[in-house]
Amino acid sequence: MYLNRRQILVGSGAIGAGILLAGCSSESGGSPAPRSSGGTPKKGGTLRVGALGRAGAITRDPHGTQTNESDYLVLGLVYDTLTVPGATPNTLPRLAASWEPSPDLRTWRFKLAPGAVFHDGSPVTADDVVWSLRRLRNTKSGASRLPGVEAANINADGPDTVVLVSDYPNAELPLLTRLTTFVLKKDTPDNALENAPGTGPFKLDWYRNGNARLVRNDQWYGGEVHLDAIEVTMFETAQAMANAIMAGQIDLASNAGSIAARTAESRKDLHIIRRSDDMAMPIVMRTKDGPFADPRVREALRLVVDRDAMVKQVLSGYGTVANDIMGTGDPQYARDLPQRTRDLARAKQLLAEAGFDLGKSYDLVTTEDIAGLAESATLFASQAREADIRINVVKQESGAFWDDTWLKGSLYTTYWGTNDSAIFFASKTLVSEAGQNEAGFADPAFDAAYRDAIGAPDQAARAAALAELQKIEYERSGYLLWGMADGIDIATAKVNGLPTLAGYGRVQLQGAWLS
């Protein structure tokens, strides 16, 4: 069914419609994956899931910064957000059953799902949601998670309606309430967060050092949940997790990576779920100051990289070439812009015109948080040497990287596992005031295009603004996005109903079942 702009803005419907059941993609880069048995979902059983994480980065605060996949998985199953990612449209109801904007697109009214209760049986009220969103907004990253909405402008209107007032017209606000708008009971003290009841499809049974057991929430308002329980095991390395799925110690290796997938391809007792356009691993070039502030230098680096080789070697073919625009999953992604290819002669010419000092070495800082990140830095450095650019790869421990380099460094790798739309990244990382402006990018024309896009009352105006926004990003942002990695889950044959959406969609396991 075609949805026009107005119908998309006014969301409604049963959440069950958004749950995607099993599917195994066999797109480029790998042999066809064995399919699971499928059939009618069965109730019962415990799904043993492996997820990456580090003991030193554990966080139990739903509104904290989760760098552990294992923590995010647990939180995403215990707590509900107002909306969740979907395929078409890309924003679906969850704890908010419906939403509607004012004519000027500044005031949004979210109606809560009828029958929603916390795990202790108490009903969810608008006051709980207001308290949770204000708490989120007041965190260090709150401005990027709820952009343009001050805490004081989040209020209840009766027991089941929450009103958000934006500082500016914003047609995309429901989209921006996905991911981290986890709802807790009003006035939950910080020292009680670890066991605070949520409203999600699973309840926390226990949590120990990154590992957890969750049990089915039979009162969940969102539809039928098949599994009795999910046990989450945290692995510090992708290799250890891959070994566990190969040995039958877990049923699902979440975000296992391309190397594990290559090994699993020959196993008939395993199947591989590929979620395309899942993860971006761009190189960030600081635009505000430093050696990469000149746009000619940034363009030169984009022309240095051999994108096909990066995808083939770093991602083992489990991915696609990108074109320096974040948000490749956007239905209105700018596919009409010319695909950049390697051009060393032009790169050298631009560097000469910019007076770039080729006598110096430049640090490219990376970390080994996820498979392929450090490898991408090393391969890029090798490719840059062919243009006489000397890149020195510096590997930092995760904590030091996020504290000292992220948002500050001149040249570093980063990654985003929440790829979906150009607007999402524009709001989070590219507009001048973005709380996570990774490159220090400040471009008045880009900011204007962003405002035009989110404030557009109709599809044509939005499309025009979005095209301009992406063109500017393509031409002069601080991102060198060479490719998009597929999300790769590996499961035993008995596991069915796994999510196939990219990004946050990967943790929506409420539709999973065991045959």
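Draft legend 1. Summary view of the overall build of the chain. A count of helical and extended segments in the chain gives 15 helices and 21 strands. Its C-alpha radius of gyration of 22 Å places the chain within 12% of the 24 Å reference for a compact globule of 515 residues. For the chain, the C-alpha atoms occupy an extent of roughly 65 × 55 × 45 Å along the three principal directions. Within the chain, the proportion of its 515 residues that are buried is 59%. In the form shown here, the chain has an accessible surface area of approximately 19300 Å², with 50% of it arising from carbon and sulfur atoms. Side-chain charges in the chain split into 53 positive and 61 negative, and the spacing between the mean points of these groups amounts to 2 Å.

Draft legend 2. Highlighting the sheet that holds strand β4 (residues 96-101). Read across the open sheet, the four strands follow the order β4-β5-β7-β6; overall the sheet is antiparallel. Either end of the sheet is taken by a strand with one partner, and the two such strands are β4 and β6 (154-156). Taking each pair of neighbouring strands and ignoring which way they run, the sheet shows an average axis angle of 20 degrees. Here β4 pairs with strand β5 (residues 107-112) via five bridges, running antiparallel. Residue pairing across strands places Ala-96 opposite Leu-112, the latter belonging to β5.

Draft legend 3. Molecular detail of the nonpolar core. By size, the foremost hydrophobic cluster in this structure holds 133 residues, and its most contacted members are Leu-47 and Met-281. Discounting residues that sit within four places of it in the chain, Met-281 has contacts with Val-314, Leu-315, Ile-370, Ala-371, Gly-372, Leu-373, Thr-414, Tyr-415, Leu-481, Trp-482, Gly-483 and Ala-485. Counting residues in each nonpolar core, the second largest holds 18 residues, with Leu-52, Ile-250, Ala-253 and Ala-260 among its members.

Draft legend 4. How the structure looks around the pairing of strand β19 (residues 483-492). Here β19 lies mainly inside the structure; 10 of its 10 residues are buried. By the bridge criterion, two bridges tie strand β11 (residues 252-253) to β19 in an arrangement that is antiparallel. For Leu-252, the partnering residue across the bridge sits in β19 and is Ala-491. The pairing of strand β12 (residues 270-280) with β19 spans eight bridges and is antiparallel. Across the sheet, the residue bridging to Met-279 is Ala-485, located in β19. Relative to β19, strand β14 (residues 319-321) is paired through three bridges, and the arrangement is antiparallel. Within the sheet, the bridge partner assigned to Thr-320 lies in β19 and is Met-484.

Draft legend 5. Helix α8 (residues 295-304), seen in detail. The element α8 is extensively covered by neighbouring structure, given that eight of its 10 residues are classed as buried. Within α8, burial applies to Val-297, Arg-298, Glu-299, Ala-300, Leu-301, Arg-302, Leu-303 and Val-304. Measuring from the backbone nitrogen of Arg-296 back to the side-chain oxygen at the start of α8 gives 2.8 Å, which picks out Asp-294 as the cap.

Draft legend 6. The arrangement of the pattern of salt bridges in detail. Overall, the coordinates contain 35 salt bridges when judged by the stated rule. Residue Lys-185 pairs with Asp-120 through a salt bridge whose shortest N-O separation is 2.6 Å. Placement of the pair is Lys-185 in the loop between α5 (173-176) and β8 (202-208) and Asp-120 in the loop between β5 and α3 (126-137), with a sequence separation of 65 residues. Residues Lys-471 and Glu-475 are paired through a salt bridge, measuring 2.8 Å at the closest nitrogen-oxygen approach. Residue Lys-471 and its partner Glu-475 are both found in helix α15 (residues 459-476); the two are separated by four residues, about one turn of the helix. Since its relative accessible area comes to 36%, Lys-471 is described here as partly exposed. Connected via shared salt-bridge partners are Glu-299, Arg-302, Arg-307, Asp-324 and Arg-340.

Draft legend 7. A look at the packing of helix α9 (residues 307-314) against helix α11 (residues 373-385). Running from amino to carboxyl end, α9 crosses α11 at an angle of 145 degrees, the nearest separation of the two axes being 10 Å. In terms of crossing hand, the pair formed by α9 and α11 is right-handed. On the side of α9, the interface is formed by Ala-309, Met-310, Gln-313 and Val-314, while α11 contributes Glu-375, Ser-376, Leu-379, Phe-380 and Gln-383.

Draft legend 8. Quick look at α3. With 12 residues, α3 ought to run about 16 Å at 1.5 Å a step, and its terminal C-alpha atoms sit 16 Å apart, in line with that. Counting buried positions along α3 yields 10 of 12 residues, so the element is predominantly enclosed. Among all positions in α3, only Ala-126, Asp-128, Val-129, Val-130, Trp-131, Ser-132, Leu-133, Arg-135, Leu-136 and Arg-137 are buried. Buried residues along α3 sit in contact with β5, α4 (142-145), β6 and β7 (161-165).

Draft legend 9. Representation of the packing of α8 against α15 within the structure. For the pair α8 and α15, interaxial distance at closest approach is 8 Å and the crossing angle is 85 degrees. Here α8 is positioned roughly perpendicular relative to α15, judged by the angle of their axes. Facing Arg-298, Glu-299 and Arg-302 of α8, the residues of α15 in contact are Glu-473, Tyr-474, Glu-475 and Arg-476. Residue composition of the contact of α8 with α15, by class: one nonpolar, no polar and six charged.

Draft legend 10. Quick peek at empty space enclosed by the protein. In total, this model carries five cavities of 30 Å³ or more according to the counting rule given. If you list the elements that add at least two residues to the lining of the second largest cavity, you get α2 (69-78) and β8. Here the element with the most residues in the lining of the second largest cavity is α2; it accounts for four residues.

Draft legend 11. Summary view of unusual backbone geometry. At Asn-255, a residue that is not glycine, the phi angle is positive and equals roughly 50 degrees. Counting through the fold element by element, Asn-255 comes out in the loop between β11 and α7 (258-264). Classification of Asn-255 as buried rests on a relative accessible area of 14%. Even without a glycine there, the phi angle at Leu-407 is positive, about 75 degrees.

Draft legend 12. Focus on the confidence of the model for the chain. For the chain, the mean per-residue pLDDT works out to 88, and 92% of the residues sit at or above 70. Every residue in residues 1-37 scores below 50 in pLDDT, and together they form 92 contacts with partners more than four places removed in sequence or on other chains.

Rules behind the numbers
- Residues numbered from 1 in each chain as written.
- Predicted model: local features only at pLDDT ≥ 70, side-chain atom pairs only at ≥ 80, totals over all residues.
- Heavy atoms only, no water.
- Helix = DSSP H or I, 4+ residues; strand = E, 2+ residues; numbered from the N terminus.
- Rg over C-alpha atoms; globule rule 2.2 N^0.38 Å.
- Buried < 20%, exposed > 50% of the residue type's maximum accessible area, 1.4 Å probe, protein only.
- Areas by Shrake-Rupley, 256 points an atom, 1.4 Å probe, with all protein chains shown as cover.
- Lys, Arg positive; Asp, Glu negative; His and termini not counted.
- Charge placed at Lys NZ, Arg CZ, Asp CG, Glu CD.
- Pairing = 2+ DSSP bridges.
- Axes fitted to C-alpha atoms, helices over the stretch in contact; angles between N-to-C directions.
- Core = buried A, V, L, I, M, F, W, Y, C linked by side-chain atoms within 4.5 Å.
- Contact = heavy atoms within 4.5 Å.
- Polar contact = N/O pair within 3.5 Å; in protein donor to acceptor, adjacent residues only side chain to side chain.
- Salt bridge = Lys/Arg side-chain N within 4 Å of Asp/Glu carboxyl O.
- Left-handed = near helix turned anticlockwise from the far one by under 90°.
- Expected span 1.5 Å × (residues − 1).
- Parallel < 35°, antiparallel > 145°, perpendicular 65-115°, else oblique.
- Nonpolar A, V, L, I, M, F, W, Y, C, P; charged D, E, K, R; others polar.
- 1 Å grid on protein atoms, 1.4 Å probe; cavity = no way out; pocket = protein on both sides within 12 Å on 5 of 7 lines; lining within 4 Å.
- Points joined across faces, edges and corners; volume = space filled by probe spheres on them.
- pLDDT = per-residue confidence, 0-100.

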